[in-house]
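Survey of secondary and tertiary structure
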Amino acid sequence: MRQKHFILYFILFFIPLTGIPQNPKITLEDIWVKGTFRPNYFMGVNWMKDNNFFTRIDYNPITNTANIIKSNIQSGESSVLVEGITLVPEGSDEPIQFDDYSFSPDERKLLISTETESIYRRSYKTHYYLYDLSSRKLTKLTKTNEKQAYATFSSDGQKVAFVRDNNLFYIDLKSNEEIQVTSDGKTNVIINGSTDWVYEEEFEFTRAFFWSPDSKYIAFYQFDESGVKEY
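All of these numbers come straight from a predicted model, not from anything done at the bench.

Definitions and limits used
- Residues numbered from 1 in each chain as written.
- Predicted model: local features only at pLDDT ≥ 70, side-chain atom pairs only at ≥ 80, totals over all residues.
- Heavy atoms only, no water.
- Helix = DSSP H or I, 4+ residues; strand = E, 2+ residues; numbered from the N terminus.
- Buried < 20%, exposed > 50% of the residue type's maximum accessible area, 1.4 Å probe, protein only.
- Contact = heavy atoms within 4.5 Å.
- Areas by Shrake-Rupley, 256 points an atom, 1.4 Å probe, with all protein chains shown as cover.
- Core = buried A, V, L, I, M, F, W, Y, C linked by side-chain atoms within 4.5 Å.
- Polar contact = N/O pair within 3.5 Å; in protein donor to acceptor, adjacent residues only side chain to side chain.
- Phe/Tyr/Trp six-rings, centres within 6.5 Å; stacked < 30°, edge-to-face > 60°.
- Pairing = 2+ DSSP bridges.
- Patch = residues over 30% accessible without salt bridge, like charges linked within 9 Å, V, L, I, M, F, W, Y side chains within 5 Å.
- Salt bridge = Lys/Arg side-chain N within 4 Å of Asp/Glu carboxyl O.
- Lys, Arg positive; Asp, Glu negative; His and termini not counted.

What follows is about the overall build of the protein. Scanning the protein from N- to C-terminus turns up 3 helices and 16 strands. Counting all 231 residues of the protein, 35% fall into the buried class. Looking at the protein alone, contacts between residues at least 24 apart form 37% of all its contacts between residues at least 6 apart. Of the roughly 15900 Å² of accessible surface on the protein, 52% is carried by carbon and sulfur atoms.

Residues Val82, Leu87, Phe98, Leu110, Ile112 and Tyr131 are the most contacted members of the largest nonpolar core, which totals 16 residues. Elements that contribute at least two residues to this core include exactly strand 3 (65–72), strand 4 (78–82), strand 5 (98–103), strand 6 (109–118) and strand 7 (124–132). Each residue touching Val82, except ones within four places of it in the same chain, is listed here: Asn67, Ile68, Leu87, Leu110, Tyr131, Leu133 and Arg136. One finds Leu111, Tyr128, Leu130 and Phe162 within the second-largest nonpolar core, a separate group that totals 10 residues.

Here we come to the side chain of Thr55. Structurally, the position occupied by Thr55 is in strand 2 (residues 53–60). Given a relative accessible area of 0%, Thr55 falls into the buried group. Here the side chain of Thr55 touches Tyr101 through a polar contact of 2.6 Å, side chain to side chain.

Turning our eyes to something else, we now look at the packing of aromatic side chains. Tallied over the full model, the rule gives 12 aromatic pairs. Relative to Phe223, the ring of Tyr199 has its centre 4.9 Å away and its plane inclined at 75 degrees; by these criteria the two rings are edge-to-face. Pair noted here: Tyr199 is in helix 3 (residues 197–203) and Phe223 is in strand 16 (residues 222–224), with a separation of 24 residues, a long-range link. When its relative accessible area of 27% is taken as the criterion, Tyr199 is described as partly exposed.

The next thing to look at is the sheet that holds strand 3. Here we have 4 strands laid out as an open sheet, ordered 1-2-3-4, and antiparallel in their pairing. If you trace the sheet from one side to the other, it starts and ends with strand 1 (46–47) and strand 4, each paired once.

Where nonpolar side chains cluster on the molecular surface, the patch consists of Ile26, Leu28, Ile31, Trp32, Val33 and Phe37 and spans about 730 Å² of accessible area. You can see Ile26 is positioned in the loop between helix 1 (2–14) and helix 2 (28–33).

Looking at the element boundaries, Asp196 is found in the loop between strand 13 (190–192) and helix 3. Lacking a salt bridge, the buried Asp196 has Arg122 as its closest oppositely charged neighbour, with an N-O distance of 11 Å. Within polar-contact distance, the side chain of Asp196 engages the backbone nitrogen of Tyr199 at 3.0 Å.

This brings us to the pairing of strand 5. Successive residues of a regular strand alternate their side chains across the two faces of the sheet. The pairing of strand 5 with strand 6 spans 5 bridges and is antiparallel. Within the sheet, the bridge partner assigned to Ser102 lies in strand 6 and is Leu111. Between strand 5 and strand 6, which pair antiparallel one after the other, the connecting turn spans 5 residues, and Glu107 there sits at a positive phi close to 60 degrees.

This is the structure:
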């Protein structure tokens, strides 16, 4: 019996080894350059209000543009919600190369950002466009060529607030009028509506303004850095 057991153990020990290559050739390029062992994944998921759908950005190498894909979590079916090649601003012949987006509360409009420029780990400034999903019309959020940060729809979807040059603004989407909320913002002195580096780094947030539920008010942080030295 002992001899039979020994033979059985011997066979079981060597069977798994027969399918393993003895000299696997794994290179640094496989790990760091080619991504041979990298799992498939996607980023930038935005859930829809009914919780049955989510959207995400999908890059199309053929058209060199990105699409916004809408997926049903129950059926697994996906469709193109916004075709990137159609995102052509008024007065232009070329589609924008966008990198992020957010929905209005009623999910009828999108805020689309392009040419995003990082400042620190989480802070940034960008050009914003407003996209109407019904009319398929793409318009620039502001008339200025300066970049903005943290554009956010009001609770009723009729206004969009943002930060520019350390000051807080909002756009009335009905009149297309830009209203300046603060005017004392100054680099390294006064910050309105966004955080300083410490809050960004240690508390992990940068947008420092909030719409009231009735969209009549904006609460915001103000940082006074006039006594803080640079180093």
